Structure formats: structure tokens, C-alpha cells
Amino acid sequence: EDQVTQSPEALRLQEGESSSLNCSYTVSGLRGLFWYRQDPGKGPEFLFTLYSAGEEKEKERLKATLTKKESFLHITAPKPEDSATYLCAVSGSARQLTFGSGTQLTVLP
Amino acid sequence: EAGVAQSPRYKIIEKRQSVAFWCNPISGHATLYWYQQILGQGPKLLIQFQNNGVVDDSQLPKDRFSAERLKGVDSTLKIQPAKLEDSAVYLCASSLGVLYEQFFGPGTRLTVL
């Protein structure tokens, strides 16, 4: 059974204070690791897909990295508009997404 | 390009009543998903369609939940009868195929009293 654990559950940062979110996973035959952003009252919004260890992707202030056991979402110089819940999900041999519980990020001005 | 549409956005019902949710995916997307998201948790897959056929419904409580995808486009998810523990947000998503990124609708927030 695929499993995803995200930490921390909640994170409060000052504007400009860089940090990282962690996603640890166990999966049979990783086909892809996905990062999503979810704002209150909305559906998840796709950010990145990573397919193999060593892969990195960037978008504005966000950078996602992948190893064989975990993924990190690095946030550089965050702004208040980056406040959201960040969800990690894996797709394995079962070809379905298994989500973690998310990290709720709050960036204070 | 229009996103995934869902209705209603909110629904409040009494336990043992029935309820139905509707989803219209992004045009051209062959794969459609229904997820249940309980407060404080990540989405959990209920059912996955490829065109109008079911690919995976292993986590769908089939004694009370049913879903269909008519003509490989729109989909409905029904709960009958509802229980208190069904209170959650029901999310619909679509993608070009099984391994492509999924695009989510805004969800339907269901409250069962």
C-alpha cells in the first residue's frame, strides 16, 4: 500500500524567510510524485510532477526536489500570497494518486 | 480554457437522505476522478473512470455510493443513504490520461446532520 507522510503539519514564516516542506513516501514502482497547492474553499492546484530521483523543478519562488525516499518543496523568500496548504501525492503501480495530509503554510507580512 | 465544473457547491442534508453531485471535466480529458476530502486530510480517491468505463473503484463504499459517467463526459456521484461520516468535500478531477497531472474542480462541501 502506497503511503505519504508530510511534515511539518503547519509552518509559520515571516515574509522573506526561506524554508522547506518534506514529503516522505513508500510506493511500489514510483511513476510520479506530484505537488499541489490548495487554497481554502478551493480544489488543489497542480504545481509539479517529478519522475525520478535527482530531478528538480522550479516555479517562481518554489523548487521541488526528489530522492528515492522523499521530496522537498523549497520556498525561497516567501510572500503572504504563498500562504496555502501544500499537498504531496504519489502514483505507483496501482496508477492512482495517494495524497499526504498536507502542510499548512502561513507567511506573515 | 474552462476548468472542471462542479455543482452544487454546498449541500446540507439529514442522515439517511440521498444526495447527488455533478461534474463536467475539461474538454478532451479522458480520465475522470472523484475524491473525498475530510477536513485536515488529503483527498482520497473514490472512483476513477477512463472514458465511460470504471478503472478503479476499490475505495468506493458500494453499499451507499454509486457513480456513473455518461457518454464519457459528465459524471454524477450519488450517496444513498447518507451517514454522518460522509460529511466532507467531494472533489472531481480530470486529466488527459492516467499518468498526466490532474486538474481539480472547486468541490462540493457536504454536511450531513
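One can find the structure itself at the top, above this paragraph.
Each chain has its residues counted from 1, following the order in which its sequence is written. Both sets of labels track the order of writing: A upward for chains, 1 upward for ligands. Restriction of local features to residues with pLDDT of at least 70 applies here, the model being predicted, together with a cutoff of 80 or more for giving and counting side-chain atom pairs; totals for whole chains, interfaces and linings are based on all residues. As a convention, hydrogens and water are excluded, and side-chain values are obtained from all of the structure's heavy atoms.

Engineer: In this structure, what is going on with the overall build of chain A? I would like to understand it.
Structural biologist: We count a stretch as a helix when DSSP gives it H or I for four or more residues in a row; a strand needs E for two or more, and each element gets its number in order from the N terminus. What chain A contains, in helices and strands, is zero helices and eleven strands. For chain A, the α and β elements follow one another from N to C terminus as β-β-β-β-β-β-β-β-β-β-β. At 13 Å, chain A has a C-alpha radius of gyration in line with the 13 Å of a compact globule built from 109 residues. A contact between two residues is defined here by any heavy atoms of the two lying within 4.5 Å. Here the analysis covers contacts within chain A between residues at least 6 apart in sequence; of these, 55% occur between residues at least 24 apart. We get accessible surface area from the Shrake-Rupley algorithm with a probe of 1.4 Å; when it comes to residues, only the shown protein chains can shield them. Summed over its atoms, the accessible surface of chain A is roughly 5,400 Å², and 46% of this surface lies on carbon and sulfur atoms. Just so you know, the count uses Lys and Arg for positive and Asp and Glu for negative, and it drops His and the chain ends. A single reference atom marks each charge: NZ on Lys, CZ on Arg, CG on Asp, CD on Glu. Averaging the coordinates of the 12 positive side-chain charges in chain A and doing the same for the 14 negative ones gives two points 5 Å apart. Each radius of gyration reported is based on C-alpha atoms, and the globular scaling rule is 2.2 Å times the count of residues to the power 0.38.

Engineer: Would you take a moment to explain the packing of aromatic side chains for this structure?
Structural biologist: By convention here, two paired aromatic rings are described through the distance between centres and the angle between planes. Residues and elements named next belong to chain B. For Phe, Tyr and Trp, rings pair up if their centres lie within 6.5 Å, where Trp contributes its six-membered ring, and each pair is then called stacked (planes under 30 degrees apart), edge-to-face (over 60) or tilted (otherwise). Enumeration over the complete set of coordinates arrives at nine aromatic pairs over all chains. On the basis of an interplanar angle of 25° and a centroid distance of 5.1 Å, the ring pair of Phe21 and Tyr90 is categorised as stacked. With Phe21 in strand S3 (residues 19-24) and Tyr90 in strand S9 (residues 88-95), the pair connects residues that are 69 residues apart, well separated along the chain. Under the relative-accessibility criterion, Phe21 is labelled buried at 1%. The exposure class of Tyr90 is buried, given its relative accessible area of 0%. Taking the centre distance of 6.4 Å and the plane angle of 40° together, the rings of Phe65 and Tyr90 count as tilted. Placement of Phe65 in strand S7 (residues 65-69) and of Tyr90 in strand S9 is noted, with a sequence separation of 25 residues between them. Neither residue differs from the other here; Phe65 and Tyr90 are each classed as buried. The buried label goes to any residue with under 20% of its type's maximum accessible area, the exposed label to any with over 50%, and the partly exposed label to all in between, with areas taken from a 1.4 Å probe on protein chains only.

Engineer: How should I be thinking about unusual backbone geometry in this particular structure?
Structural biologist: Cis geometry marks the peptide bond from Ser7 of chain A to Pro8 of chain A, where omega comes out at -10°. Its location among the elements puts Pro8 of chain A in the loop between strand S1 (3-7) and strand S2 (10-14). With an omega of -10°, the peptide bond running from Ser7 of chain B to Pro8 of chain B counts as cis. Checked against the element boundaries, Pro8 of chain B lands in the loop between strand S1 (5-7) and strand S2 (10-13). Of note, the phi angle at Ala77 of chain A is positive, near 45°, even though the residue is not glycine.

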